[in-house]
Amino acid sequence: KGLFSSSLTASEKLLHRFKTIDRSFKKFYQRHRQNNHQRNDFYCCYSNFSTKANLSTPSSPFRILFFGSDAFSVASLRALINEQKTNPNVLVKSIEVVSPPDQRVGRGLKSIKISEIKSFAKEHQLIVHDAPMKTLQGWRIPKPKDDEDNDASSGSFDIGIVVSFGYFLTQEILDALPNAINIHPSLLPNYRGASPIQYAIMNGDKETGITILELHPKIFDAGRILRQITLPIPPDSTYKRLEAYLAEKGAELLIDTLRNFYDYKVNAQPQDVKQVTKAPKITKEMSIINWDKLIAEQVVRLDRAISHQYPLRTWFNGHQIQLFNIHLISDSLTGTEKAQPGTIFYQHPQKSIQIVCADGTSVIGCTSVKMAEKKEISVKDWINGYPITSGVTRFGDNSKKE
């Protein structure tokens with residue numbers, strides 16, 4: 001009895017000490033949370049051994065299934081590969097890639113187009129899985145190739161990373177992935193959709209950003225936000241330049257997020273649905289210039305945003321014509337201030353034509369054009385070959401003139 005009583009007293013003393021330490025750590029944690037309300041680095045240390053405890057770094061490296069397609073996604077895949085090589089088995093254990101399938105293109109569909117992400121992955125000896133042609137409905141997550149367990153039910157990827165993939169991941173796929181995140185080049189909920197970079201340029205935004213979010217089972221770009229950074233848009237940015245800039249920033253943020261992934265996941269915030277704006281897919285029809293509605297600055301922004309995909313077009317002599325090297329004109333020719341929108345002005349030896357825009361005062365210039373089924377030529381050669389009168393001839397009239 002005496003031995004039992006002595007042991008119980010010692011246990012009680014030890015329990016009392018643990019409780020004292022726990023209270024002290026809780027006070028420290030609360031002060032930490034007040035000073036760092038966006039972080040939760042110490043949650044796993046004090047939470048009374050809660051099952052919700054998270055770690056500042058993953059307890060084991062991630063087996064990653066990467067979904068991508070284009071140049072924007074290549075930057076993130078490159079960053080993951082570099083991280084794996086620099087710090088083996090610390091953050092990244094393995095990477096496999098899901099890519100859109102190869103497509104037949106060109107005349108007679110004789111050429112094969114391979115996605116940029118697939119080409120890059122093959123160059124780095126990564127395993128690539130081809131997605132179905134149009135939808136992932138019925139498609140299943142493959143088993144990681146590095147899984148040493150032959151039981152197919154036991155092997156799974158730790159995280160799916162989606163970057164400019166273009167497919168909607170089904171509920172079945174999301175259920176098969178313990179974690180699934182997306183890198184989106186905007187300040188969500190602003191510019192949900194396929195074309196956030198283009199709309200930021202078209203609208204003349206001064207800043208944009210990168211958002212890392214969870215995948216939503218029903219809506220594109222609607223998941224909870226894990227990370228978000230604001231970035232300035234460099235002056236006169238074109239789509240290609242801004243895409244490259246945001247791709248690198250997104251890749252950097254991805255690696256930083258994975259290092260503290262479970263902290264950010266437990267603190268992820270829902271989007272404010274009242275602030276949602278859309279950035280739908282760019283269409284060819286958007287490249288037709290409406291001279292009666294767009295001022296010069298808007299035409300130039302439209303050109304910088306979409307001309308890599310669809311060069312801006314207008315009507316001339318009943319046919320469509322593409323305009324290249326569009327730019328603002330600060331020193332316009334005499335007479336432009338009285339002309340109708342779309343009126344063309346030209347004066348030798350200038351290398352560009354000037355075109356009056358919607359407000360009647362702003363003017364754009366362009367240095368080369370391309371008629372339908374013709375080669376691109378300088379405006380000098382174009383004017384020499386067609387009946388054009390400076391200050392009279394107008395773009396935008398789709399009626400053919402003999």
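Structure: above.
Residues numbered from 1 in each chain as written. Predicted model: local features only at pLDDT ≥ 70, side-chain atom pairs only at ≥ 80, totals over all residues. Heavy atoms only, no water.

Time to look at the overall build of the protein chain. Of the regular secondary structure elements, the protein chain holds 10 helices and 17 strands. Considering the protein chain as a whole, with its 402 residues, one finds that 43% of them fall into the buried category. Restricting to contacts in the protein chain with at least 6 residues of sequence separation, those with at least 24 account for 67%. Total accessible area on the protein chain stands at roughly 22,300 Å², and carbon and sulfur atoms take up 51% of it. (Helix = DSSP H or I, 4+ residues; strand = E, 2+ residues; numbered from the N terminus. Buried < 20%, exposed > 50% of the residue type's maximum accessible area, 1.4 Å probe, protein only. Contact = heavy atoms within 4.5 Å. Areas by Shrake-Rupley, 256 points an atom, 1.4 Å probe, with all protein chains shown as cover.)

The next thing to look at is the side chain of Gln198. The residue Gln198 is located in helix H6 (residues 196-202) in this model. Beyond its immediate stretch of four places on either side in the chain, Gln198 contacts Tyr239, Ile282, Ala305, Ile306 and Gln309.

Judged by pairing direction, the sheet is antiparallel, and its four strands sit side by side in the order E10-E11-E16-E17 without closing on themselves. On the outer flanks of this sheet lie strand E10 (313-316) and strand E17 (377-378), each paired with one strand and no other. Across four bridges, strand E11 (residues 319-324) lies against strand E16 (residues 368-371) in antiparallel orientation. Across the sheet, Leu323 pairs through a bridge with Val369, a residue of E16. (Pairing = 2+ DSSP bridges.)

The next subject is the packing of aromatic side chains. The tally for this structure, following the rule as stated, stands at 14 aromatic pairs. Arranged with centres 5.0 Å apart and planes meeting at 90°, the rings of Phe168 and Phe220 form a pair that is edge-to-face. Note that Phe168 is positioned in the loop between strand E6 (159-163) and helix H5 (171-176) and Phe220 in the loop between strand E8 (207-214) and strand E9 (225-232), a separation of 52 residues in sequence. Overall, Phe220 belongs to the partly exposed group, its relative accessible area being 46%. Measuring from centroid to centroid gives 6.3 Å for Trp291 and Phe395, while their planes differ by 15°, and the two rings are stacked. Of this pair, Trp291 sits in the loop between helix H8 (261-266) and helix H9 (296-306) while Phe395 sits in the segment after helix H10 (379-385); the two residues are 104 residues apart in sequence, bridging distant segments of the chain. Like Phe395, Trp291 is buried. Following the ring pairs from residue to residue traces out a cluster consisting of Trp291, Phe316, Trp382, Tyr386 and Phe395. Positioned above the aromatic ring of Tyr264, the side-chain terminus of Arg227 is 4.3 Å from the ring centre. (Phe/Tyr/Trp six-rings, centres within 6.5 Å; stacked < 30°, edge-to-face > 60°. Lys NZ or Arg CZ within 6 Å of the ring centre and 35° of its normal.)

The analysis is restricted to geometry; functional conclusions fall outside its scope.
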